[in-house]
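# Close look at the chain arrangement
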Amino acid sequence: VKEVYRSLAGDAGVKLVLHLMEVTATREGKKVLVQQLLELNKASLAQVSENQDAMMWLNDLLISEAGALRGDQGMAIVGPVMRLLARLPINMGILRSSGIVHTLRSHLRQESNKTLAALRMAVIKHWSQGVEVKRAVAAPKAEPPAPAPAAAQPKVEEPVVVDEGAKALEEQARAAREEAERIKAQLEKLSKTTGPAVKRRNVDFDSFNRKELKRAKNELQDQQEMAEAEERQLDQAKGAGAGKANGAEKAMASQEEKERNRKQQALKDLKHAVSDIVKKALNPYYKSGRIDAQQFKEISRKAVDKVVKSHNDTTGYRLSANAEMRIKSVVDTYVGKIK
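Confidence in the prediction of the chain, expressed as mean pLDDT, is 75, and 71% of residues score 70 or more. Under a pLDDT of 50 for its full length, residues 155-162 has, in the predicted model, two contacts with residues more than four places off or in other chains. Under a pLDDT of 50 for its full length, residues 196-201 has, in the predicted model, two contacts with residues more than four places off or in other chains.

Structure representation (structure tokens):
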């Protein structure tokens with residue numbers, strides 16, 4: 001393989017590599033081919049990364065070897081493939097459509113092999129750096145004109161709901177305040193009044209006024225303390241009612257958010273599972289030449305959408321026992337429609 005490839009140059013060498021991907025069937029042959037891919041120059045690697053068939057071949061190789069990783073047998077092929085992905089120019093569209101992104105995030109993420117984990121992180125870092133560079137060199141887009149400020153809407157205050165007990169306390173506090181104001185007015189009137197300059201036997205008006213003034217002051221102080229105590233009790237009742245309402249609303253919102261997240265994750269897992277079964281069913285047709293890469297992607301998309309739509313929350317977004325047979329029947333139907 002090495003000698004034949006070196007005897008060719010440029011596009012001819014890349015075409016040879018792509019042809020060998022199609023015809024190599026043995027595990028040892030695939031191992032040798034991946035090793036030779038690591039020796040390609042940057043221009044050839046760029047052509048490989050832009051080829052949908054080549055990237056699908058690498059993804060199938062990763063999936064087929066993932067089962068042997070626990071015994072360290074699969075690393076002889078998976079390791080070179082991961083190092084190759086860390087060198088390939090980045091085309092996230094092809095990486096997603098070929099299934100490589102999903103394979104790294106699901107199949108290989110569950111493996112405990114430390115060497116594989118380090119290679120997986122190197123590939124993800126390579127992808128993230130490539131995406132950041134593309135964003136940095138991209139031309140800035142013209143910002144759309146700022147929308148006209150919307151007319152200020154009057155703030156509508158929510159009504160405060162007070163129970164009957166709180167309403168009664170509020171009435172008592174209001175009555176206490178009115179009584180305090182009345183006593184205060186009487187006190188001011190008495191403080192301005194001077195005793196008559198008429199002396200009569202056994203009658204002392206100045207002493208009488210002083211006693212009345214003191215009595216009025218004490219009564220005013222008692223009424224003010226009573227009003228303050230009733231206001232504090234009213235505030236506590238309002239606070240307790242509002243706290244219970246807010247707690248119930250937060251608990252309900254948290255429960256709805258958890259349920260919504262659960263459904264979204266279940267639907268996402270269902271799509272990934274169906275996509276894997278559809279691709280497995282389409283591979284024989286693709287390898288035999290019955291369908292091309294474009295038809296592979298189109299049938300895969302239609303079949304996944306059709307199967308996913310037949311599941312909903314009532315089924316728990318879970319596949320039934322005979323799901324693989326039913327999905328294969330859907331795939332066969334779509335392939336049969338191709339002339």
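Another aspect to go through is the nonpolar core. Of all hydrophobic cores here, the largest spans 39 residues; its most connected members are L58, M82, L85, L104 and W127. Elements with a contribution of two residues or more to this core: α2 (11-23), α3 (27-37), α4 (42-49), α5 (52-66), α6 (75-85), α7 (92-97), α8 (100-105) and α9 (114-137). Those residues within four positions of L85 in sequence are excluded, and the remaining contacts are M55, L62, I100, L104, V123, H126 and W127. With 21 residues, the next largest nonpolar core counts M56, I277, A281 and V308 among its residues.

What follows covers helix α12 (residues 293-309). The end-to-end C-alpha distance of α12, which contains 17 residues, comes to 24 Å, matching closely the 24 Å that a straight helix rising 1.5 Å per residue would cover. Looking only at α12, the buried set comprises A293, F296, I299, S300, A303, V304, V307 and V308. Seen end-on, α12 carries its buried residues on one side only, within an arc spanning 150°. Between the side-chain oxygen of the N-cap and the backbone nitrogen of Q294 there are 3.3 Å, and the N-cap of α12 in question is D292.

A separate point is the environment of E212. By the element assignment, E212 lies in helix α11 (residues 205-287). For E212, a relative accessible area of 22% translates into the label partly exposed. In this structure, the C-alpha to C-alpha distance between E212 and L187, residues 25 residues apart in sequence, is 8.7 Å.

Our next topic: α3. Buried within α3 we find L33, V34, Q36 and L37. Buried positions in α3, seen along its axis, are confined to an arc of 160° and lie on one side of it.

Rules used throughout
Residues numbered from 1 in each chain as written. Predicted model: local features only at pLDDT ≥ 70, side-chain atom pairs only at ≥ 80, totals over all residues. Heavy atoms only, no water. pLDDT = per-residue confidence, 0-100. Contact = heavy atoms within 4.5 Å. Core = buried A, V, L, I, M, F, W, Y, C linked by side-chain atoms within 4.5 Å. Buried < 20%, exposed > 50% of the residue type's maximum accessible area, 1.4 Å probe, protein only. Helix = DSSP H or I, 4+ residues; strand = E, 2+ residues; numbered from the N terminus. Expected span 1.5 Å × (residues − 1). Arc of directions from axis to C-beta. Polar contact = N/O pair within 3.5 Å; in protein donor to acceptor, adjacent residues only side chain to side chain.

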